[in-house]
Amino acid sequence: MEFQKRFVFPFSLQCIWKKVYNRGSVGDVGTVHASAKLMESNNLPTDPMKDINATKVFLDKFTDALVVAAALEFFGMDSVDATPTRHNFNLEEHADSLTYVETVIGQLVDEFALPAEEDISGVSGELKCPKCQKKYNIMEALRNHLKNEHKAGDEDQDTHDAVFAHSCSLLTMCLICHDFTDARQAGDGERIIRLMKYMLLYFRSSGKTKYSLQVLRQLAQVKCLLTPREAHHVIHNRFVNTKGRPDTNVELDRACEASNLVFKTHARSLHGQVTQKAINRVSRSCQAVDKILRHVDKDCKRKIAASKRGGRDATQDVLKLVGALTHDRVFRLSADGRYHKSFPGFTRGYVVHIKDHAGFHKWMASTLKDLSRKNVFRQQREQWRY
Ligand SMILES: [Zn+2]
């Protein structure tokens, strides 16, 4: 069975939601739920699979707000209208404006979006109680521990800034999702394969074994199991562009579903009188008839509901959230051990934290061995080699 790449995105959202979405976090500025409430995205579902479009609309605005808030901190600005006080353009240091932009954006990404190696190496991915340093594996357990064991007056022992870690993790996750959507729209198969390596970590750390197996299988196919010709097909021959603009690529299976819908609509006109001859006629003619109907719609300037996208302008929502994020300084590292009540002890590696590294490695090795044993392309590959 072919693993449908278009499902990787919603599946990864599901995994991410599992780690960063909490309905009790409405008072914690900068968390997903609080931001959705602030921007009045009331249709944001608890499970992204239930309404992927609403999730995507929210995530686009949320990503913009996080990027702007991180940039304000980076450039030492209080609001979007303020003048930068750090990382200014300097003609002696930066030869031209393009080099300047590339350098500072690189620094910004390094500082906020890329976790340091120790953050994801497994050591600091663990959750620790900010008050007594007890270690936990599950956020829910730590939340309960804090609620039951510690009263409001307890002294915090920890200086770890869980709010900063949480905001940076969200930024990383949002940028990866944004990159994935962008790669799909641009039909950039190679970028999708690169991003799949991140998805493997997300899936594995959320305990989604079937998804991680499918992603690993796809990576193994592309990197070694298939012949170079087949691998090239899997990477590049996956998208179709029916509108002709650079960002209007869709996956082949999705386009196929759209044409199935056209077929079904036309088959309905048979009113149940289904014969082999009639089905043959409909299946041969439906694409052409659909094309003619679209042209007629276009000539009559009739608007089709599905092509009416965009909705209202998101700028005000984004600016509102940026205001709240900057007010709480979520991107400024502080040493007073602050944390979100719903996400105590959050570390930068928590989202992709895999508890058992040796086990993960062993699973990958044994799965790859299994896959190569069952590889139906082996014969072809060997023929190709000699
Ligand atoms: Zn404790």
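Cut-offs applied
- Residues numbered from 1 in each chain as written.
- Predicted model: local features only at pLDDT ≥ 70, side-chain atom pairs only at ≥ 80, totals over all residues.
- Helix = DSSP H or I, 4+ residues; strand = E, 2+ residues; numbered from the N terminus.
- Expected span 1.5 Å × (residues − 1).
- Buried ≥ 20, exposed ≤ 12 C-beta atoms within 10 Å, placed from the backbone.
- Contact = placed C-beta atoms within 7 Å.
- Axes fitted to C-alpha atoms, helices over the stretch in contact; angles between N-to-C directions.
- Parallel < 35°, antiparallel > 145°, perpendicular 65-115°, else oblique.
- Left-handed = near helix turned anticlockwise from the far one by under 90°.

Draft legend 1. Local environment of helix H1 (residues 8-20). End to end, H1 covers 18 Å across 13 residues, agreeing with the expected 18 Å (1.5 Å per residue, within 8%). Every buried residue of H1 is accounted for by Val 8, Phe 9, Phe 11, Ser 12, Leu 13, Gln 14, Cys 15, Ile 16 and Val 20. Buried residues along H1 sit against helix H2 (32-38), helix H3 (52-74), helix H7 (162-186), helix H8 (189-205) and helix H9 (209-225).

Draft legend 2. A look at the packing of H3 against H7. For the pair H3 and H7, the least separation of the axes is 10 Å and the interaxial angle reads 130°. Overall, the two elements H3 and H7 adopt an arrangement that is oblique. Both H3 and H7 take part in a crossing whose hand is left-handed. Packed against H3, whose contacting residues are Leu 59, Phe 62, Thr 63, Leu 66 and Ala 70, the element H7 presents Leu 170, Leu 171, Cys 174, Leu 175, Cys 177 and His 178 at the interface.

Draft legend 3. Seen up close, the environment of Leu 146. Locating Leu 146 in the fold gives a position in helix H6 (residues 139-149). Taking the C-beta count within 10 Å as the criterion, Leu 146 has 20 such neighbours and is therefore assigned buried. In the structure, Leu 146 is positioned 198 residues away from Pro 344 in sequence and 8.4 Å away in space, judged by C-alpha atoms. Not counting residues up to four positions away in its chain, the partners in contact with Leu 146 are Cys 129 and Pro 344.

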